[in-house]
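# What the coordinates show
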Amino acid sequence: MTELEIPVEKWSGAVRLVTLGATGDGGTRTSTVTVGGETTLPFLHFEGQIPNAPVVAAEVVDMHPADWSPALLEALGDDTRDPAAWARKMVGLGADLISLKLRSTHPDQGDRSAADAVATVKSVLAAVGVPLIVYGPGVVDKDNEVLVAVADATKGERLALATCEDKNYRTIVAAALGNGHLIVAQTPIDVNLAKQLNILISDMGLSLDRMLMDPTTGAVGYGVEYTYSVMERLRLAALMGDGMTQQPMICSVGEESWRQKESRVADGVPESWGEYATRAVVWEVTTATALLHAGADILVVRHPRSIAQVQRSIAALMKGV
Amino acid sequence: MALTGLQIYKLLPQTNCKECGFPTCLAFAMKLAQKGTELANCPYVSDEAKASLDAASAPPIRLVAIGAGERAFEVGNEVVLFRHEKTFYHQPGLVVRVKADDPKIVELTARMVSSYAVERVGMSLRLDGIAIEDSGGGAAAFAAAVAVARSAAPGLPLVLMSTDPAAVGAALDEAGADRPLVHAATAANWQAMAELAKKHSCPLAVRAESGDLTALADLAAQVQDAGVDDIVLDPGTSDPAGMLAAFTQLRRLALKKNYRPLGFPIIAFVGAGSAEEQAAMAAEAITKYAGVIVLDGFEPALIYALMTLRQNVYTDPQKPIQMEPKLYEVGAPTASSPLLITTNFSLTYFTVSGEIEASGVPVWLLVADADGMSVLTAWAAGKFDAEKIAKTVTASGLGGKLKHHKLVLPGYVAGLSGEVEEELAGWEILVGPREAVEIPNYLKSVWKAD
Ligand code: SF4
């Protein structure tokens, strides 16, 4: 039989290149991370270019997260009491970058000041050479206050400030604009809302190579299929040339997956759920893998075993180049 | 590709004899094109016309049944590359592999696989079969292992993994009537394998090496010519990148080119790695087109996650799973625990109940019948209004159970609180947060029973 003719799509668009971190001009990183640039669907090397592998960010919190799942706390050990040590540990475990959540600035979690937050970010910047994504506490007013202070105090570092939502993007975008940072634009699992927010943000003058989009993550069993399909649709639109869907995508895999009962509860659950520690890690890995195949460029995860596995998967999927 | 009514009409006798129950051949053809009747209703259709109609109406990916009886499962007949374009129809069978060399382990594994079940979103999820792998101990030993599995797990579909026709033949003499999937016919053994599969009317997997799809198509065509209709494809890829490329190409060839020799479901092997390594391979196989997935061993922690992902990915995006509208207990609520109401969109329910669970505060969660829509959509569509909320609360009978009479509305329908208060005499209506993520804070610091 003659050689088969493999159907190949001719895409006209590409995912935008976005570089996190800077090594000069105010940036003190020892290395940067570039994502995006794909001209095909995830890992289809026979069809297009995938110049940059997706990357793994490890989640670090600025206070000991006593309410986290016991399986996580056990795996992370004492370093969770010091964000700098925690970040260093995660880089040692293979994280490409650090996602730092300024949780202690939340009004219910200690309400620490913007100045405290700046000091925390600086300590983590000093402890590791990789780029940082910095999350505010997730309350609009405090997010604005904290992220603006952090942005001002770290001019030139090309941090990714998270998150910009339709109700508060202006302040954070302005802070990113003035200080050479990036932003993460988050919308609730909807293609049009994602596009719209990208348009609003770029209308403020932030160049598109400084924007990541977070389509909102659902874990396995908790809406992963919605995230999966919205990401596939965004990526298909990007490849078809829709300029407002071409931002690299970031997914909060760890946060969503470890919130669920399957990952939190060891006892008093059905036997068919299987052994707890394995189940919890598998839940995170399964969520991460599904979203990797939907087009995730940055996966934020929590457990050391998940970091190792997702890195192994990415390396294996990038083979074939 | 499906034919139009006119194309079908051209193949009919065109005598308008009405015996099919339609006034004209054209009317019959039109109805047939819409799948509203069956070709068999026309007694005069020629064999030739029948053959071309059959071929044209065959799905681009053949539906293949594996196993017999109640637990048999069907895979294939998919019509899209991306689930949002329509839906994925036949979820991949999850099968656990066991080596044939130790009958005790075969027996134990077969029992565990057969009885495993896990409850999720009101459905009982189960494993689909067991794959017995020939460990080279000869035909008799392989057949004996298959017999052990069969008696330990009656009715559980089987995959017979061996490239030795003698071993497969012996096993099929044992279990042929159960329609096991035979894996695999290769370039070296396909004649004998095809003969066996045909003799026992069993589905047959064909295996090429390292993703060589041309060789795979050749093999599939050869066994089909030899009389095997139910084929499963194994492109012989064992790494994530090769598997993704091969599976994607197979799906595209079938759907975009209507390429018949490769229009069959695919089998994936996730390898013998750690649980998380298998999870990654299997998650890829679930999202990217596998019809049968062979896991390496019985590991409930892994199986539960994979079954859940499979259920998620194979849910029709147009018909999301709905929750049963009723009163749910999150934690162990008492007479003074808070009462929250939401809609029966499954994702809404799971997001809300997840946040409540995470808060550690026990809650009565009342789920209203809103046609499976989220709070905002249901409100906009008039499915979650003051009347519906009031009726749901009254029907729950909670008025008699609770010490307090306070109902927390989702923040998105804050505007309804006045109306609900009018409808529900004696109740105080509170407004909760708009986003589920704010619920823990609300429960811990805002809500008060008295
Ligand atoms: S039975 Fe057949 S030939 Fe007669 S009217 Fe119907 S389609 Fe035409």
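Residues numbered from 1 in each chain as written. Chains lettered and ligands numbered in written order. Predicted model: local features only at pLDDT ≥ 70, side-chain atom pairs only at ≥ 80, totals over all residues. Heavy atoms only, no water.

## Comments concerning the site of the ligand
Our working definition: Any residue with at least one heavy atom within 4 Å of a molecule or strand is counted as near it. The classification used treats Ala, Val, Leu, Ile, Met, Phe, Trp, Tyr, Cys and Pro as nonpolar, Asp, Glu, Lys and Arg as charged, and all other residues, Gly among them, as polar.
By nearness alone, every residue bordering the ligand is listed as Pro13(B), Thr15(B), Asn16(B), Cys17(B), Lys18(B), Glu19(B), Cys20(B), Cys25(B), Phe28(B), Cys42(B) and Pro43(B). A per-class count over the shell around the ligand returns seven nonpolar, two polar and two charged.

## Let's talk about the sheet that holds strand 6 (residues 129-133) of chain B
Residue and element names in this part refer to chain B. Applied cut-off: When DSSP locates at least two bridges between a pair of strands, those strands are taken to pair. Numbering of helices and strands runs from the N terminus, with a helix taken as a DSSP run of H or I at least four residues long and a strand as a DSSP run of E at least two residues long. Axes here mean lines fitted to C-alpha atoms, for a helix over just the part in contact, with angles spanning 0 to 180 degrees between N-to-C directions. Contacts are assigned to residue pairs with any non-hydrogen atoms lying within 4.5 Å of each other.
If you trace the eight strands from one edge of the open sheet to the other, you get 10-9-8-7-6-3-12-11, paired in parallel fashion. Of all the strands in the sheet, just strand 10 (231-234) and strand 11 (267-269) have a single pairing partner and so form its edges. Within the sheet, the average angular offset between the axes of one strand and its neighbour, ignoring direction, is 25 degrees. Where strand 8 (residues 181-185) lies against strand 9 (residues 204-207), three bridges are found, and the strand directions are parallel. Bridged to Ala185 within strand 9 is Val206. Along the sheet face, helix 8 (residues 213-225) touches strand 8, strand 9 and strand 10 and points at about 145 degrees away from the line of strand 9. On top of the sheet, helix 10 (residues 275-287) reaches strand 11 and strand 12 (292-295); it is set at about 175 degrees to strand 12, its chief contact.

## A short note on the pairing of strand 5 (residues 132-135) of chain A
All names here are of chain A. Under the convention used in this document: Exposure categories follow from relative accessible area, calculated using a 1.4 Å probe and restricted to protein chains: below 20% of the type maximum is buried, above 50% is exposed, and the middle band is partly exposed. Orienting the strands away from the viewer, one traces the path from the first strand over the helix to the second; a clockwise path indicates a right-handed crossover.
Alternating positions in strand 5 separate into two faces, Leu132 and Val134 on one and Ile133 and Tyr135 on the other, with burial throughout. Two elements, strand 4 (residues 97-101) and strand 5, share four bridges in a ladder whose sense is parallel. The residue bridging Ser99 from the neighbouring strand is Ile133, located in strand 5. The β-α-β motif built from strand 4, the intervening helix 3 (residues 114-127) and the parallel element strand 5 has right-handed crossover chirality. For strand 5 and strand 6 (residues 160-164), the ladder comprises three bridges, and the chain directions are parallel. Residue pairing in the sheet places Val134 in a bridge with Leu161 of strand 6.

## Topic: the domain arrangement of chain B
Bring the parts together and some accessible area is lost; that lost area is often taken as the interface size. What counts is decided by this rule: Domain boundaries shown here were taken from an automatic or database domain assignment.
The domains assigned to chain B are domain 1 (5-57), domain 2 (64-313) and domain 3 (327-445). Between the C-alpha centres of domain 1 of chain B and domain 2 of chain B the distance comes to 37 Å.

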